[in-house]
Amino acid sequence: MAVVVDLLEGVRNRVPLTGEGVAAEFAAQGWEPGGRPKNGFETSWDKDGVGGWVHPYNGGVRVELTVWMRDADEDTGYFEDLDAVYEEGERALAAFLPEIESSALAAHLTEAGGTEDDADEFIAFRKWTLDGRKLVAGVIQEDTDLPVRVIVALE
């Protein structure tokens, strides 16, 4: 998942963090645009099996990268064993965390405690600040019929 660390390293010094600036970094690092421009910049990107998105967030942007995903069963729209999928996501997160913690970003990370909102949003997560911005890696499922994903998000 070096592409994730490289992208985060590329955008961490952008002040302010803008959609245009993040899109420029995605393009400069060779990510493929997904053809979903909004607000004057491309919002969807892909590289090496990682999906990236740029969303408006609290007057700025949120950069979200999906590093692992399991989708619901196509026929039923549900998971056969949701707890097993959550556990698989937690294992994928645990395997991914050392890549962040041993990367060049590690010198800029400060451990941050989770909030009630984080606990509501994530099945499992790890949270830091990165040069004053929130960085979180976690297992997430936004709705019961949506995929379970391991994401990394910078806000």
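Going by the structure above, here's the rest.
Let us look at the structure shown here. Computed from a prediction, not measured in an experiment: that's the story for all the values here. (Residues numbered from 1 in each chain as written. Predicted model: local features only at pLDDT ≥ 70, side-chain atom pairs only at ≥ 80, totals over all residues. Heavy atoms only, no water.)

1. Brief notes about the overall build of the chain
Then, in step 1: Looking only at helices and strands, the chain has four helices and 10 strands in total.
Then, in step 2: Sequence-ordered secondary structure for the chain, helices as α and strands as β, is α-α-β-β-β-β-β-β-α-β-α-β-β-β.
Then, in step 3: Rg of the C-alpha trace for the chain: 15 Å, near the compact-globule value of 15 Å for 155 residues, within the 12% margin.
Then, in step 4: Overall, the C-alpha framework of the chain stretches about 45 × 35 × 30 Å when taken along its three principal axes.
Then, in step 5: Evaluated residue by residue, the chain yields a buried proportion of 45% over its 155 residues.
Then, in step 6: Charge separation in the chain, taken as the distance between the mean sites of 13 positive and 32 negative side-chain charges, equals 7 Å. (Helix = DSSP H or I, 4+ residues; strand = E, 2+ residues; numbered from the N terminus. Rg over C-alpha atoms; globule rule 2.2 N^0.38 Å. Buried < 20%, exposed > 50% of the residue type's maximum accessible area, 1.4 Å probe, protein only. Lys, Arg positive; Asp, Glu negative; His and termini not counted. Charge placed at Lys NZ, Arg CZ, Asp CG, Glu CD.)

2. Digging into the side chain of Arg-12
Then, in step 1: Here Arg-12 lies in the loop between helix H1 (2-11) and helix H2 (19-28).
Then, in step 2: Here His-108 takes part through its side chain, which lies 3.1 Å from a polar atom of the side chain of Arg-12.
Then, in step 3: For Arg-12, the side chain forms a polar contact with the side chain of Asp-131, separated by 2.3 Å.
Then, in step 4: In this view, Arg-12 contacts Leu-105, His-108, Leu-130, Asp-131 and Arg-133; residues no more than four positions away in its chain are not counted. (Polar contact = N/O pair within 3.5 Å; in protein donor to acceptor, adjacent residues only side chain to side chain. Contact = heavy atoms within 4.5 Å.)

3. Some thoughts on the side chain of Asp-118
Then, in step 1: By the secondary structure assignment, Asp-118 is in helix H4 (residues 116-121).
Then, in step 2: By relative accessible area, which is 2% here, Asp-118 ends up buried.
Then, in step 3: Only 2.7 Å separates the side chain of Asp-118 from the side chain of Lys-127, close enough to count as a polar contact.
Then, in step 4: Not counting the four nearest positions on each side in its chain, Asp-118 is found in contact with Gly-113, Phe-125, Lys-127 and Lys-134.

4. Some thoughts on the nonpolar core
Then, in step 1: Core analysis: the largest hydrophobic core is formed by 40 residues, its most contacted members being Val-4 and Phe-26.
Then, in step 2: At seven residues, helix H3 (residues 82-101) tops the list of elements feeding residues into this core.
Then, in step 3: Every residue in contact with Phe-26, bar those within four places of it in the chain, is listed here: Leu-7, Trp-31, Trp-45, Gly-52, Trp-53, Val-54, Val-63 and Leu-65.
Then, in step 4: Core analysis: the next-biggest nonpolar cluster, separate from the first, contains five residues, Phe-122, Ile-140, Ile-151 and Ala-153 among them. (Core = buried A, V, L, I, M, F, W, Y, C linked by side-chain atoms within 4.5 Å.)

5. Section: the sheet that holds strand E4 (residues 44-47)
Whenever strands of a sheet pair, they do so through backbone hydrogen bonds, lying parallel or antiparallel.
Then, in step 1: If you walk across this open sheet you meet the eight strands as E1-E4-E5-E6-E10-E9-E8-E7, and the pairing is antiparallel. Looking at which strands have only one partner, the edges of the open sheet turn out to be strand E1 (32-33) and strand E7 (109-111).
Then, in step 2: Strand direction decides the pairing type here: E7 and strand E8 (residues 122-130), joined by three bridges, are antiparallel. Counterpart to Leu-109 in the pairing with E8 is Leu-130. (Pairing = 2+ DSSP bridges.)

6. What to know about the pattern of salt bridges
Then, in step 1: Applying the stated criterion across every chain, the model contains 14 salt bridges.
Then, in step 2: Of the charged contacts, one joins Asp-131 and Arg-12 as a salt bridge, the two residues approaching to 2.3 Å between their closest N and O atoms. Residue Asp-131 is found in the loop between E8 and strand E9 (133-140), and its partner Arg-12 is found in the loop between H1 and H2; the two are separated by 119 residues along the sequence.
Then, in step 3: Residue Glu-88 pairs with Arg-70 through a salt bridge whose shortest N-O separation is 3.0 Å. A residue pair is termed long-range when its members are at least 10 positions apart, and Glu-88 in helix H3 and Arg-70 in strand E6 (residues 60-70) qualify at 18 residues.
Then, in step 4: Judged by relative accessible area, which is 25%, Glu-88 ranks as partly exposed.
Then, in step 5: Three or more residues are tied together by salt bridges with common partners; here these are Arg-62, Glu-64, Asp-118, Glu-121, Lys-127, Lys-134, Glu-142, Arg-149 and Glu-155. (Salt bridge = Lys/Arg side-chain N within 4 Å of Asp/Glu carboxyl O.)

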